[in-house]
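Results of the structural survey
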Amino acid sequence: MDRKRIGILTSGGDCPGLNAVLRAASRASEKLGWELVGFQDGFEGLLSTTDHMILDRRITTGIMHLGGTLLGTVNKGQFISRGSGRQASFIPAEVLGKTRQTFQSLNLQGLIVVGGDGSLNIALQMHQAGLPVIGVPKTIDNDLEATDMTFGFDSAVECVASSLDRLHTTATSHKRVMVIEVMGRHAGWIALHGGLAGGADIILIPEIPFEFSQVAAEVLRREREGAKCTMVVIAEGAKPKDGRVSRLQNANGENRLGGIGEIVSREIGNRTGKEVRTCVLGHLQRGGAPTMLDRILGTRFGIKAVQLIAEGNFGSMVSYRNHATCAVPISDAVHKMRRVDPRGQLVEHARAVEISFGD
Ligand code: F6P
């Protein structure tokens, strides 16, 4: 009889901490006497007879501190087909058929899908089709409802805060306004945490629509009171009251969130007469070494994922609640976004240290 195996893949946008999950899952599988098979390039690796590798100790040693993912990842591919109505996207039947063959030929006891909302939706469909799948949540945006925290978020916040430290010195020297656009999709977690940690003066988030007049008034108030610079952190999904989110088209014709930083800079410049500069942090927030917290969280998620497979707890997702890992149904996690509460304590505390939300 073939040796028992567990499959694992990373799907969707990469984030720091993925390699910590792979390393931990490899060790936990080894303890069970099972092999961990890593599929390359997300779900696509399941469709090939060659795009996988045994993630043994030799391969997974010395990878925890590395950003990105050893397995590669994609955020589109053959597993997504557009439908209509409630079934907005589904896995085509022939793709499911090939996936079943892969499970059989490799003697997979279960598959760990490490991904964000879209990838977990695919994992859910695989589970509903009878495949033994479990999910591990991953996103720098920290916007999944079913878990208190995802790994990658802390590294993104660290990037924003340390960038603010750098930008502060140049902004102060020139007495400028600096507008820093950060990621996070339609949630303001990265902007709020990064801005708080980096000493921002104005934080603009999707959950609190802002007014240009209020932002400009705050810049001028600060100047009157002797401030040498004003640091504005803006989430890519933030929008003005009665306005729309800003999108930019890339070379492939895809519409992506972005551009709001430049719009706000222009308005501040026009309304205050001050010199303003924009800095878009972009993918710097997703790259590089994971923070210590993300290494630990990734490790704990990897261990828990293998435990869930060993217990046969399929269709569930690793979650982090009250400082401990636990399991929740994947169906509780997909399509449920967790956003900043505009009346919550974090916003209240930010206001208490005189941070303006431009409202
Ligand atoms: O969801 C993670 C994220 O980094 C978002 O914050 C951002 O909007 C998006 O992915 C960028 O995606 P891509 O790498 O495809 O440009």
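Residues numbered from 1 in each chain as written. Predicted model: local features only at pLDDT ≥ 70, side-chain atom pairs only at ≥ 80, totals over all residues. Heavy atoms only, no water.

Notes on helix H9 (residues 292–311)
One turn of the α-helix equals 3.6 residues, which is why residues spaced by three or four share an orientation. Note the cut-off: Helix and strand assignments come from DSSP, with helices taken as H or I runs of at least 4 residues and strands as E runs of at least 2, each series counted from the N terminus. How far a helix is expected to stretch is found by multiplying one less than its residue total by 1.5 Å. Accessible area is worked out with a 1.4 Å probe on protein chains only. A residue is then buried under 20% of its type maximum, exposed over 50%, and partly exposed in between.
An ideal rise of 1.5 Å per residue puts 28 Å on 20 residues; H9 measures up with 29 Å between its terminal C-alpha atoms. By the burial criterion, the buried members of H9 are Asp294, Arg295, Leu297, Gly298, Phe301, Gly302, Lys304, Ala305, Val306, Leu308 and Ile309. Looking at the residues trailing H9, positive phi occurs at Gly312, about 75°.

Topic: the sheet that holds strand S9 (residues 202–204)
In plain terms, the rule: For two strands to be treated as a pair, DSSP must find at least two bridges joining them. Fitting a line to C-alpha atoms yields each axis, with helices limited to the stretch in contact; the angle taken between N-to-C directions then spans 0 to 180 degrees.
Read across the sheet, four strands follow the order S9-S10-S8-S13 without closing on themselves; strand pairing throughout is parallel. What marks the edges here is a single partner per strand, and that holds for S9 and strand S13 (276–280). Adjacent strand axes in the sheet meet at a mean angle of 15°, parallel and antiparallel pairs treated alike. Direction of pairing for strand S8 (residues 177–182) relative to S13: parallel, over a ladder of five bridges. Bridge pairing links Met178 to Arg277 in S13.

Considering the side chain of Glu35
The criterion, for reference: The definition of a polar contact used here is a pair of N or O atoms within 3.5 Å, where within protein one atom must be able to donate a hydrogen and the other to accept one, and adjacent residues in sequence count solely through side-chain atom pairs. Throughout, a residue-residue contact means that at least one pair of heavy atoms, one from each residue, lies within 4.5 Å.
Note that Glu35 resides in strand S2 (residues 35–39). Glu35 gets classed as buried once you look at its relative accessible area, which sits at 17%. Within the structure, the side chain of Glu35 is placed 2.7 Å from the side chain of Arg5, a separation counted as a polar contact. With residues near it in sequence (within four places) discarded, Glu35 still touches Arg3, Lys4, Arg5, Ile6, Ser29 and Ile54.

A short note on the pairing of S8
Among the six residues in S8, six count as buried, and that is most of the element. With burial as the criterion, each face of S8 is covered, one bearing Val177, Val179 and Glu181 and the other bearing Met178, Ile180 and Val182. Relative to strand S10 (residues 230–235), S8 is paired through six bridges, and the arrangement is parallel. When the sheet's bridge partners are listed, Val182 is paired in S10 with Ala235.

Focus: the packing of helix H5 (residues 153–174) against helix H6 (residues 189–197)
The relative placement of two packed helices comes down to the angle between their axes together with the axis-to-axis distance. Under the convention used in this document: Note on angle classes: values under 35 degrees are labelled roughly parallel, values over 145 roughly antiparallel, values of 65 to 115 roughly perpendicular, and the remainder oblique. Here a crossing is called left-handed whenever its near helix is offset anticlockwise from the far helix by less than a right angle, and right-handed whenever the offset is clockwise. When residues are grouped by polarity, Ala, Val, Leu, Ile, Met, Phe, Trp, Tyr, Cys and Pro land in nonpolar, Asp, Glu, Lys and Arg in charged, and all others, Gly among them, in polar.
Two elements in contact, H5 and H6, have axes separated by 8 Å at closest approach and are oriented at 45°. As the angle between them shows, H5 and H6 are arranged oblique. Between H5 and H6 lies a crossing whose hand is right-handed. Contacts between H5 and H6 pair Phe153, Ala156, Val157, Val160, Ala161 and Leu164 from the former with Trp189, Ile190, His193, Gly194, Gly195 and Ala197 from the latter. For the contact of H5 with H6, a count of residues per class yields nine nonpolar, three polar and no charged.

Let's talk about the pattern of salt bridges
How we decide: Any Lys or Arg side-chain nitrogen found within 4 Å of a carboxyl oxygen on Asp or Glu counts as a salt bridge.
Under the criterion given, the structure shown has 18 salt bridges. Residues Asp56 and Arg58 are paired through a salt bridge, measuring 3.8 Å at the closest nitrogen-oxygen approach. Note on Asp56: relative accessible area 25%, which makes it partly exposed. Residue classification places Arg58 among the exposed positions, given a relative accessible area of 67%. A salt bridge links Arg321 to Asp148; the nearest nitrogen and oxygen atoms lie 2.7 Å apart. Taken as a pair, Arg321 in strand S14 (residues 316–321) and Asp148 in the loop between strand S7 (133–137) and H5 lie far apart in primary sequence, 173 residues in all. Residue Arg321 is classed as partly exposed on the basis of its relative accessible area of 32%. Overlapping salt bridges bring together Arg3, Arg5 and Glu35 as one network.

Digging into the pairing of S14
Of all six residues in S14, five are buried; the element is thus mostly enclosed. The turn linking S14 back onto strand S15 (residues 324–329) is made up of two residues, and Asn322 within it adopts a positive phi angle of 50°.

Quick notes on the domain arrangement of the protein chain
How we decide: In this document the domain limits rely on a domain assignment from an automatic tool or a database. The term buried area means the drop in 1.4 Å probe accessible area that two parts suffer when joined, counted for both and summed.
As far as domains go, the protein chain holds domain 1 (5–151 + 290–333) and domain 2 (154–287). When each unit is reduced to the centre of its C-alpha atoms, the spacing between domain 1 and domain 2 is 33 Å. The interface of domain 1 with domain 2 comprises 13 residues on the first partner and 14 residues on the second. A buried area of about 1,100 Å², summed over both sides, lies between domain 1 and domain 2, and 52% of it is on carbon and sulfur atoms. Looking at the side of domain 1 facing domain 2, the largest losses of area belong to Ile140, Asp141 and Thr291, adding up to 45% of the total buried there. At the junction of domain 1 and domain 2, the tally comes to three salt bridges. For the salt bridge of Lys76 with Glu254, the shortest nitrogen-to-oxygen distance reads 3.3 Å. The tally of links from domain 1 across to domain 2 stands at five residue pairs in polar contact (both at pLDDT 80 or more).

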